[in-house]
Amino acid sequence: MTATVAPPPAARRDAGPDRGRPAPHQPPGSASRPPARAAEQPVLLATLIGALAVLGGSTALLPLLDSTSWVLPLVEVVAVIWLVGVGARLLRAPAWAVVLLQIAGMLIALTSLFTSSGIGGVLPGPAAVRDGGTLLHDAWQQILTTVPPAPSTPELGFLIALSVGGAALLVDVLIAEVRTPALVALPLLSLFSVPASIAIDMLPWYAFVAPAALFAVLLAVAGHTGWHPQTRARVSLGISGSVIAAITIVGSLLLANAATPIGTAGRLPRGDHPGGQIGLNPWALLHGNLQTTDPVDMMRVTGLERPAYLRTMALEKWTPDQGFGFGPVVADASDLDGAVPGSSPGSDTRTVTITPQDYRDKYLPIFPGTSRLTGLATGWNYDKQLQTVFRQTPTTPQQYTVTADFAAVTAEQLETENVHSGGPLTETGNLPSQVVSLANSITAGALTPFDQAQAVLDYFKNPDNGFRYSLRVPTGNSGSALLDFLTNKEGYCEQYAAAMTIMLRAIGIPARVAVGFTQGIAQPDGSYQVVSTDAHAWVEVKFDTVGWVAFDPTPVVDGQGGLQGFLPGGSGGGGGTAEPTGTATTSATATTSTTHSLTGAAVAPGRKIDGADQSYQTGEGAGAGSSAVWRWVSLVLLILGPLLVVALLVAAPSMIRRMRRRRRLALAASGRPGAATAAWAEIEDTLADHGIVVREVESARVTANRLARTAHLSTTGRESLRTVVTTAEREWYGSADGQQPDLAPGVLAVVDGLERSAPRALMDRVVPRSLRRGSRG
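I will try to describe carefully the structure that is included in this document.

The rules behind each value
Residues numbered from 1 in each chain as written. Predicted model: local features only at pLDDT ≥ 70, side-chain atom pairs only at ≥ 80, totals over all residues. Heavy atoms only, no water. Pairing = 2+ DSSP bridges. Helix = DSSP H or I, 4+ residues; strand = E, 2+ residues; numbered from the N terminus. Salt bridge = Lys/Arg side-chain N within 4 Å of Asp/Glu carboxyl O. Buried < 20%, exposed > 50% of the residue type's maximum accessible area, 1.4 Å probe, protein only. Axes fitted to C-alpha atoms, helices over the stretch in contact; angles between N-to-C directions. Parallel < 35°, antiparallel > 145°, perpendicular 65-115°, else oblique. Left-handed = near helix turned anticlockwise from the far one by under 90°. Contact = heavy atoms within 4.5 Å. Nonpolar A, V, L, I, M, F, W, Y, C, P; charged D, E, K, R; others polar.

Before going further, it helps to examine the pairing of strand E14 (residues 400–405). Of the pairings in the sheet, the one linking strand E9 (residues 349–356) to E14 comprises six bridges and is antiparallel in character. Opposite Thr351, over in E14, you have Thr403 as the bridge partner. Two strands pair when backbone bridges link them, and strand E11 (residues 370–374) and E14 are joined in this way by four bridges, in the antiparallel orientation. Looking across to E14, one finds that Thr374 is bridged to Thr401.

See the structure below:
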C-alpha cells in the first residue's frame, strides 16, 4: 500500500445508495475476541426477552396475593431497568456505569411509586430511604401475620418490586455484561421456587411455562450474532436447544396432570381440579379500594332458629394506621373434637350443623358461646383467649356440629358491668389527637362503659352523622387512614369495625375486631345459605362479668348484618338484636377474591351490591375497577413517559449513526455498484467519530496506511482494508466490473480496531462527531 492515488473529492464524498440491512460480521483476524458490542450483537433483543422472562416468573406470586395491584408497579420497575440498560449501552458506557445507572433508575422508580417523600417526588433522599425501610418492615410483619393469599398492600408491592427488580437487574447483567445467558435460569428458578414453597395449593401452569419458554427463546437469541457462516453453528445449537426446551415444557405439563409435584403441598393444576375455594383474610385494614365478585357458596347452616353471626377469628393486635391483625395464636387444646375448654352450656343452648362447601381456610367458623364441637378431623386446635378454632394448614372441613349458647344479655345487665382498662386490649399506639378528642366528645355524657360503647356505636349508626357504606373509599390527605375514614365517613365493614374498636380503646374500653360471616340467606327448608359476600367484621367489647359482647357499627344492606350481641331489654333469651332502623339501604358484608386452586383466598370487606345501591347506579362504585386501572395506567404514563422521552432523545443520535452504518455495511457486503464507495464512506465517518482528522488532500491509500497503524490492525485486517481501498479505486475510476468482493470485513476491522485503540469520550458516543460535521448519509 505505497502508491498514492487520490480519488476525485466528489466521488469520495458520495456514499452512494445506502439501502438494505447489513449482516454483522466478525472482523477478520479477531476470532479470539468478540466483535464490537455496540453494533454487532443482538443484546437489545436478548435483554428484552430476559426482562419478559422475569415478569413471566413473577406470575408465580399471583396465588400469594388477593389482587393484582402490585403488577403494574412491578412492570414499570422492570421496564425502567431494561430501558436504562438499553440507553446506557447505546452510549457505550462501561459495564459498571451501566449497572449503576440501572440501580439509580430502579431507586427512582421505587421512590416515585411507593413514597411521597422523594426529592422532587422522584429522587430518593434520606426521607425516602426511611420510608422504604418502614415499608419493608411492615411488609415483613404482614408476611408473619397472614396466610396466603395476603392482601395486596403497598408494603408488599414495594417488597415485590424491590426483590423482583433486583432479579431483573441480575438477569440483565448476566445477559449483556457477563454474556452467560444460561445462568439466567438461576434467578428465574428462585422466582418460581419461592412461591412454590409457600403456597399450600398448586401454582398456575403459566407461572412455570412462561419463564421456561422465554428462557428457551433467550438461549436461541443469545446464540445468534448474525447470519455469517462463522455463527451458523451457534444459531443451529440455539434452535436445537429451543426445540428440546419446548419438548421438555410440554412433557412437564403432561406429567403434571398425572403425578409431578409442584410446591410443598400441591401440583400444577389439572383440567379437572375444582376451583373457587375461599377463606378469610385475617386483617381489618383501614384503607383500600375493593372490587366485588360473584358470590360463591361457602357453607349451609342447618338448625339455626334465628340469625346469628358465624365467627372465625379475633384480631387484637393493632398496627398504627394499618389495622388490626393477629398476635400469637396458642393451642390451648389440640385435636379438638368434643367439649370446648373453658366453656359450659348456657340457658339457650342449641346444636347446629354446618356443611362447608367452597370454604377453605385454617380457621373454623363457629358461633360465639360455643361449648361443644363434633365431627372434626384431627389437627384442629383451640385458642381460649381468642376463642378461635384453627389448624396449621388451610383445608375444607368436613360436615361438623356446633353446640352453642344463643342467649344474649340485655342492655340492663350491661349497664351494671364494668371493664378492666389497660393491657394489650386497650393499646392504641400514637393516635391522631383528633381521633382521641372525637372519642371523648362522643362519650362525654356516658356514665358506664356500656353507655360509652353504645354512644360510639350510635355515632356510626345514626344517619344524621353522615356515615354510609361504600366499597370505593375516598382518598384522604391527612396522612392517617383512620382520620381520613372518620372525616370522609365512607367505607366498608372492616373500616367501621377497626375505627370503632380503636376509638373504644382510646377511652380505656378493652375491644377487638371479630371476623366471620353474617347469617346468610334463609332457605325454604329453614336452613341458611352463607356465601362469600356474607363475610363480615364487627367489634367485641370485654366486660368483666359477662365477657365478650358484640357491637356491629356497619350499616345494614339487604337484611344482612346489623346484629348486636345484646337485647334492648328483657331477661335474655333469643339471639342478638337486629338494627332497629328497619329497611336496609347499604351492605355490611364482604367481597371475595376467588382464584382457582388457592389456599384460603382472601376476603376483602364489602358486599357486591345490586341496583338498589345508589353508589353503583351513579357510577361511584360501578366503574371503580376500570377507574382504578386507568389511574394506574395514568400514573405509569406520567412517570414512565418522561423517562422514555429522555431516553429516546439521548439515544437518537447514536441510533441514527448505527442505522447509517448498517445500511452501508449491507451495501458493502452485497457486491453491488456503489459498495466500495459506501464502505469507504463508513471508514471516513468512523475516523471522524474517533477524532481522527480526515485529510482531503490525502489519498485513500495513505489514509489507509495511517489508519492501519493507528488501529493496530492485524495482518488479516490490513489485507481486508487493502481490498476496500483497491476496490474503491476501481469503482471511482470506472474500472470495476463484475461481482465485487465482500467489503464488510474491512470496515468492521477498522471499527473494532479503533474501539480498542482510540475509545470515544462519552459526549462523542451521545452525539457522534460524524453527525455533528454533517457527513453524508
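Let's shift gears to the sheet that holds strand E8 (residues 338–339). Spatially, the seven strands line up as an open sheet ordered E8-E11-E14-E9-E4-E20-E19, and their pairing is antiparallel. At either end of the open sheet lies a strand with only one pairing partner, and these are E8 and strand E19 (521–522). Summarising the sheet, E19 and strand E20 (residues 528–531) pair through two bridges and their orientation is antiparallel. When the bridges of E20 are listed, Ile521 appears paired with Gln529.

Taken as a whole and judged by the stated rule, the model has 20 salt bridges. Among the salt bridges present, the one from Arg92 reaches Glu755, with a minimum N-O distance of 3.4 Å. Of the two residues, Arg92 is situated in the loop between helix H4 (71–90) and helix H5 (95–114) and Glu755 in helix H21 (residues 744–757); the sequence distance between them amounts to 663 residues. Its relative accessible area of 12% is what places Arg92 among the buried residues. Ionic pairing is found between Arg722 and Glu719, a salt bridge with its closest N-O pair at 2.7 Å. Note that Arg722 and Glu719 are positioned in helix H20 (residues 715–732) at a spacing of three residues, about one turn of the helix. The exposure class assigned to Arg722 is partly exposed, which follows from its relative accessible area of 29%.

Bringing the packing of H5 against helix H7 (residues 154–176) into the picture now. Orientation of H5 relative to H7, taken along the N-to-C sense of each, is 165 degrees, at an axis distance of 11 Å. Between H5 and H7, the crossing angle belongs to the class labelled roughly antiparallel. Our pair here, H5 against H7, has a crossing hand that is right-handed. Taking contact as the criterion, the partners of Val99, Gln102, Ile103, Met106, Leu110 and Phe114 in H5 are, on H7, Pro154, Gly157, Phe158, Ala161, Leu162, Gly165, Gly166, Leu169, Asp172 and Val173. Partitioned by chemical class, the residues of the contact of H5 with H7 number 11 nonpolar, four polar and one charged.

Nothing here speaks to function; it is all geometry.
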